Amino acid sequence: YPPELIRNFSIIAHIDHGKSTLADRLLELTGTIKKGHGQPQYLDKLQVERERGITVKAQTATMFYKHSIQEASCSDDQGPANFLLNLIDTPGHVDFSYEVSRSLAACQGALLVVDAAQGVQAQTVANFYLAFESNLTIIPVINKIDQPTADPDGVKAQLKSMFDLDPSDALLTSAKTGEGLEQVLPAVIERIPAPPGKSDSPLRVLLLDSYYDEYKGVICHVAVVDGALRKGDKISSAATGQAYEALDVGIMHPELKSTGMLLTGQVGYVVSGMRSTKEARVGDTLFHSRSTVEPLPGFKPAKHMVFSGLYPADGSDFEALNHAIERLTCNDASVSITKESSTALGLGFRCGFLGLLHMDVFHQRLEQEYGAHVISTVPTVPYIFEYSDGSKLQVENPAALPSNPKQRVTACWEPTVMATIIIPSQYVGSVITLCAERRGQQLEYSFIDSQRAFMKYRLPLREIVVDFYNELKSLTSGYASFDYEDADYQESDLVKLDILLNGQPVDAMATIVHKLKAYRVGRELVDKLKKVIDRQMFEISLQAAIGSKVIARETISAMRKNVLAKCYGGDVTRKRKLLEKQKEGKKRMKRVGSVDIPQEAFHELLKVS
Ligand code: GDP
Ligand code: MG
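Residues numbered from 1 in each chain as written. Chains lettered and ligands numbered in written order. Predicted model: local features only at pLDDT ≥ 70, side-chain atom pairs only at ≥ 80, totals over all residues. Heavy atoms only, no water.

The name recorded for the protein in an unreviewed UniProt entry is Translation factor GUF1 homolog, mitochondrial, from Acacia crassicarpa. You can read under Subcellular location (unreviewed entry) in the UniProt record for the protein the words "Mitochondrion inner membrane". (UniProt positions renumbered as here; feature names shortened; annotations may be inferred.)

What follows is the structure, given as structure tokens:
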């Protein structure tokens, strides 16, 4: 395959606009997967992805497609040429825009899918700009034209006014009925440029992603930018200087298919005997060991926006959790992990995530795929504190902040985001109120068309990490769309809020909050805890405090009766059943001091903003 016959593209869309369905149809149309293969959304392989309807991990699929180009330069009637098309999937949620830009680095074009009834939404805007900044050719695809409320002309007008896209360039499709799908791949071939690499230059391979496979070991997902990569080649990493042999080379079709080589412009995989995915640095350049090349620009490192502690739910399981986390991070390099210990919870990990959904997905995968039971502490964002001696410290764990610092804190900063919100006009008032409550600053307010408003806000990250999206959705009957990108730090008035059980601060429950919100948050935390902690043999006092000042308190009175007292009479089986039931409940408990805290308690704490 000469580069002229290769096209690398991805599909970008707001969630639910039909990206996965369209990808499936294209794979079927090219015979890459069978029609009615029984697994809707082929590229969404993970259980989490199927359940949540989101794409977490970018996948690639290579397709072959015959097409004749009507161009003067190749007019000598050779009939249709066989093109090699690489569809590079992108994750579909705000948390993963970092991964979206990574996937786009291997593409020259993108299909921008917009729902014909819903029109442009917040992630359409965000994804458009990601593609635009990467200089990709953008093909607008107005999908779901079969719906009765479809308004393709209205959407064309939006594409024109918001992105200056020519309405006559838009393809109209229904991934459901199949209407218009035949135009998609010809448009990809005719409009998207071939990959620009040079076949006769020394090999340069961009490492896009990696994962660990039981049988093959580390599999690197790569794009060959210049030159050709063959099985048996000796290759080196620009980042580590480590040398490897290309043991297996091939394409994703969409299962791994050995081809023995990858030529300029191709996207595929290479297995090179790496022992851990830690050796496979995303954005790294691989080259022939004896040549000298300029490394490719690579990617900005992932920015961790949300941190949380992960502890084994059952104290003895630390090694098992350690193992599960190690295995999972082999396939999700975007999580940062450091060991930490908590007086309340024992040994655990501090994990950095791209966002709250990423954190949720990570937990879910740990439990589903690796059978781990975890307790996670209240998520926090990376704050910066400055002390009177002039030192500055990034704080990823509230517990790291002394409650009564000997060194006085002289200033603190919190990370902010630039948020894009699109809503039907009638909800403008309530959304402005919500954003004000969340300490937002409005930067832009305009109308996309007669029915929909577009707003830009600067919001503290802390305020959107907890339940912002859900609240926005419920305020607007589900119609709001939301996306954000990280912005600067801003100075802020922050305090550490401690939770005390029977007078003892529980380090794993400490949070950092804005001073103005401390009283309300303290009250809510104490109320929530009172609801979820069971009565025990003794009285439990719950307090929220800033330094030595208690701002909220509650008491859980002692249990009056012994559960087993009911079994008096000696019904052994009943007694055993009760004990077993109690044990089952305990499994998800964590003993803090002398108090049993259900896992649920930590979960409830996440929901307080
Ligand atoms: P994604 O989140 O962008 O990947 O969207 P999906 O491909 O998962 O599609 C979201 C929903 O829209 C699914 O229920 C699809 O069956 C449905 N859908 C996709 N394309 C069409 C279409 O052309 N017409 C209609 N009516 N529904 C569609
Ligand atoms: Mg999808």
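The structure having been displayed, the exposition proceeds.
When its secondary structure is counted, the protein shows 14 helices and 33 strands. The buried share of the protein, reckoned over its 609 residues, is 52%. In the protein, of all internal contacts separated by at least 6 residues, the share reaching a separation of at least 24 is 70%. A total of about 27500 Å² of accessible surface is found on the protein, and carbon and sulfur atoms cover 50% of it. (Helix = DSSP H or I, 4+ residues; strand = E, 2+ residues; numbered from the N terminus. Buried < 20%, exposed > 50% of the residue type's maximum accessible area, 1.4 Å probe, protein only. Contact = heavy atoms within 4.5 Å. Areas by Shrake-Rupley, 256 points an atom, 1.4 Å probe, with all protein chains shown as cover.)

This paragraph deals with a nonpolar patch on the surface. Where nonpolar side chains cluster on the molecular surface, the patch consists of Ile 432, Tyr 445 and Phe 447 and spans about 280 Å² of accessible area. Locating Phe 447 in the fold gives a position in strand E24 (residues 441-447). (Patch = residues over 30% accessible without salt bridge, like charges linked within 9 Å, V, L, I, M, F, W, Y side chains within 5 Å. Salt bridge = Lys/Arg side-chain N within 4 Å of Asp/Glu carboxyl O.)

A word on the nonpolar core. Ranked by size, the top nonpolar core spans 48 residues in total, and within it Leu 366, Phe 385, Ile 421 and Phe 468 carry the most contacts. If sequence neighbours within four positions are ignored, Phe 468 has contacts with Ile 421, Leu 434, Cys 435, Arg 438, Leu 459, Glu 463 and Phe 482. (Core = buried A, V, L, I, M, F, W, Y, C linked by side-chain atoms within 4.5 Å.)

With that settled, consider the environment of Asp 24. Of note, Asp 24 is situated in helix H1 (residues 19-29). C-alpha separation for the pair Asp 24 and Lys 34, spaced 10 residues apart in sequence, amounts to 9.7 Å.

Here we take up helix H9 (residues 428-437). Those residues of H9 lying buried are Val 428, Val 431, Leu 434 and Cys 435. One side of H9 holds all its buried residues, which, seen down the axis, span an arc of 125°. Tucked inside the fold, the buried residues of H9 contact strand E23 (409-424), E24, strand E25 (452-460) and helix H11 (468-475). (Arc of directions from axis to C-beta.)

Let us look at the pairing of strand E7 (residues 204-213). Each regular strand shows side chains that alternate between the opposite faces of the sheet. With nine bridges connecting them, E7 and strand E8 (residues 217-226) associate as antiparallel partners. Within the sheet, the bridge partner assigned to Leu 207 lies in E8 and is Val 222. From the end of E7 to the start of E8, which pair antiparallel, there are three residues. Where E7 meets strand E16 (residues 285-288), two bridges bridge the pair, whose relative direction is antiparallel. In the sheet register, Val 205 faces E16, and the bridge partner there is Leu 286. (Pairing = 2+ DSSP bridges.)

A separate point is the layout of surface pockets. Space left empty within the atom packing is revealed by a probe, the size of a water molecule, rolled over the atoms. Its volume calculated, the largest pocket comes out at about 1300 Å³. Contributing to the lining of the largest pocket are 47 residues, with Tyr 98, Ser 101, Arg 102, Leu 130 and Ser 134 lying nearest its centre. Those elements that provide at least two residues to the lining of the largest pocket are helix H3 (97-104), helix H4 (122-133), E8 and strand E26 (481-492). The element best represented in the lining of the largest pocket is H4, accounting for six residues. (1 Å grid on protein atoms, 1.4 Å probe; cavity = no way out; pocket = protein on both sides within 12 Å on 5 of 7 lines; lining within 4 Å. Points joined across faces, edges and corners; volume = space filled by probe spheres on them.)

Take the pattern of salt bridges next. The tally for this structure, following the rule as stated, stands at 18 salt bridges. The residue Glu 28 makes a salt bridge to Arg 25 at a minimum N-O spacing of 3.2 Å. Note that Glu 28 and Arg 25 are positioned in helix H1 at a spacing of three residues, about one turn of the helix. Residue Arg 25 is classed as partly exposed on the basis of its relative accessible area, which comes to 23%. A salt bridge links Arg 520 to Glu 524, with the shortest nitrogen-to-oxygen separation between them at 2.8 Å. With Arg 520 and Glu 524 both in helix H12 (residues 518-532) and four residues apart, this pair spans about one turn of that helix. Residue Arg 520 is classed as partly exposed on the basis of its relative accessible area, which comes to 40%. In the salt-bridge network here, residues are joined through shared partners; they are Glu 414, Arg 439, Glu 463 and Lys 517.

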